[in-house]
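Breakdown of the fold
Spelled out, the chains give:
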Amino acid sequence: MMDAFGSNNWALGLGWIVSLIIVAIIFVIVISLKSNYRRTKPKTAMDILKERYARGEISRDEFNDKKQDF
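Residues numbered from 1 in each chain as written. Predicted model: local features only at pLDDT ≥ 70, side-chain atom pairs only at ≥ 80, totals over all residues. Heavy atoms only, no water.

1. Focus: a nonpolar patch on the surface
Judged by side-chain polarity, Leu-14, Val-18, Ile-22, Ile-26 and Val-30 come together as a nonpolar surface patch covering roughly 420 Å² of accessible area. Within the secondary structure, Val-30 is located in helix 1 (residues 9–38). The exposure class of Val-30 is partly exposed, given its relative accessible area of 42%. (Patch = residues over 30% accessible without salt bridge, like charges linked within 9 Å, V, L, I, M, F, W, Y side chains within 5 Å. Areas by Shrake-Rupley, 256 points an atom, 1.4 Å probe, with all protein chains shown as cover. Salt bridge = Lys/Arg side-chain N within 4 Å of Asp/Glu carboxyl O. Helix = DSSP H or I, 4+ residues; strand = E, 2+ residues; numbered from the N terminus. Buried < 20%, exposed > 50% of the residue type's maximum accessible area, 1.4 Å probe, protein only.)

Here is the structure:
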């Protein structure tokens with residue numbers, strides 16, 4: 001049976017379902033790309049030591065002493 005716009009009701013329903021599936025696929029792709037972007041490698045002990053030295057938390061002598069432990 002035809003509605004006021006001349007199309008079948010099942011075709012309208014099918015169009016909505018297809019549209020929702022496409023939106024869901026795009027959403028999943030965007031979320032996946034964002035989560036991959038946020039992944040960073042963990043900091044090593046040397047990275048942390050360099051950061052502490054750069055912030056002035058430890059002196060140059062302390063930095064060199066601790067650096068030799070690696």
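And the narrative resumes.
2. Thoughts on the packing of aromatic side chains
Overall, the coordinates contain one aromatic pair when judged by the stated rule. Taken together, a centroid distance of 4.8 Å and an interplanar angle of 25° make the contact between Tyr-53 and Phe-63 stacked. Separated by ten residues along the polypeptide, Tyr-53 in helix 2 (residues 45–55) and Phe-63 in helix 3 (residues 60–67) bring together distant segments of the chain. Under the relative-accessibility criterion, Tyr-53 is labelled partly exposed at 30%. (Phe/Tyr/Trp six-rings, centres within 6.5 Å; stacked < 30°, edge-to-face > 60°.)

3. Quick look at the packing of helix 2 against helix 3
At a closest axis distance of 10 Å, the pairing of helix 2 and helix 3 adopts a crossing angle of 175°. On the basis of their axis angle, the class for helix 2 and helix 3 is roughly antiparallel. In this structure, helix 2 uses Met-46, Leu-49, Lys-50 and Tyr-53 to contact helix 3, whose residues at the interface are Arg-60, Phe-63, Lys-66 and Lys-67. Residue classes in the contact of helix 2 with helix 3 are distributed as four nonpolar, no polar and four charged. (Axes fitted to C-alpha atoms, helices over the stretch in contact; angles between N-to-C directions. Parallel < 35°, antiparallel > 145°, perpendicular 65-115°, else oblique. Contact = heavy atoms within 4.5 Å. Nonpolar A, V, L, I, M, F, W, Y, C, P; charged D, E, K, R; others polar.)

So, to be careful, I would describe these as geometric facts and stop short of saying anything about function.
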